[in-house]
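Given next are the chains, with one letter for each unit.
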Amino acid sequence: MKEAAVHPASAFYHPTLCEFLLRYDDVWNLDTPEQVFLQSIYEAGATLGQRDREELERERWYQASKK
């Protein structure tokens, strides 16, 4: 299975909450923390879930889901 990394490096997995977190203070030290963090969470989930990224990111699927 492929490895998945969550960014920025200060993000961490909280086993009790069963989710990845990014501390408030760390957010202030990054230019675009939410974009970096959320994109890396998405990529890690897609990789670990062995999902077809190309299929997930097709524009046609996205538009169909909005109907």
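Everything that follows concerns the structure shown earlier in this document.
The paragraphs below set out a description of the structure included in this document. (Residues numbered from 1 in each chain as written. Predicted model: local features only at pLDDT ≥ 70, side-chain atom pairs only at ≥ 80, totals over all residues. Heavy atoms only, no water.)

1. Here we look at the overall build of the chain
Convention followed: Labels follow the DSSP assignment, with helices taken as runs of H or I lasting at least four residues and strands as runs of E lasting at least two, numbered in each case from the N terminus. Each residue is placed in one exposure class: buried if its accessible area under a 1.4 Å probe, protein chains only, is under 20% of its type's maximum, exposed if it is over 50%, and partly exposed if it falls in between. Contact between two residues is taken to exist if any of their heavy atoms lie within 4.5 Å; hydrogens are not considered. Throughout, the Shrake-Rupley method with a 1.4 Å probe supplies accessible areas, and for residues the shown protein chains are the sole cover considered.
Along the backbone of the chain there are four helices and two strands. Across the chain, helices and strands are ordered from the amino to the carboxyl terminus as β-β-α-α-α-α. Burial statistics for the chain: of 67 residues in total, 13% are counted as buried. Within the chain, residue pairs in contact and separated by at least 24 positions form 41% of the contacts whose partners lie at least 6 positions apart. When the accessible surface of the chain is summed, it comes to about 5,800 Å², and 53% of that surface belongs to carbon and sulfur atoms.

2. Brief notes about unusual backbone geometry
A positive phi angle is found at Cys18, which is not glycine, with a value near 60°. With respect to the helices, strands and loops of the structure, Cys18 is situated in the loop between strand S1 (12-14) and strand S2 (19-21). For Cys18, a relative accessible area of 54% gives the class exposed. Even without a glycine there, the phi angle at Gln50 is positive, about 55°. Checked against the element boundaries, Gln50 lands in the loop between helix H2 (33-48) and helix H3 (53-56). For Gln50, a relative accessible area of 60% corresponds to the exposed category.

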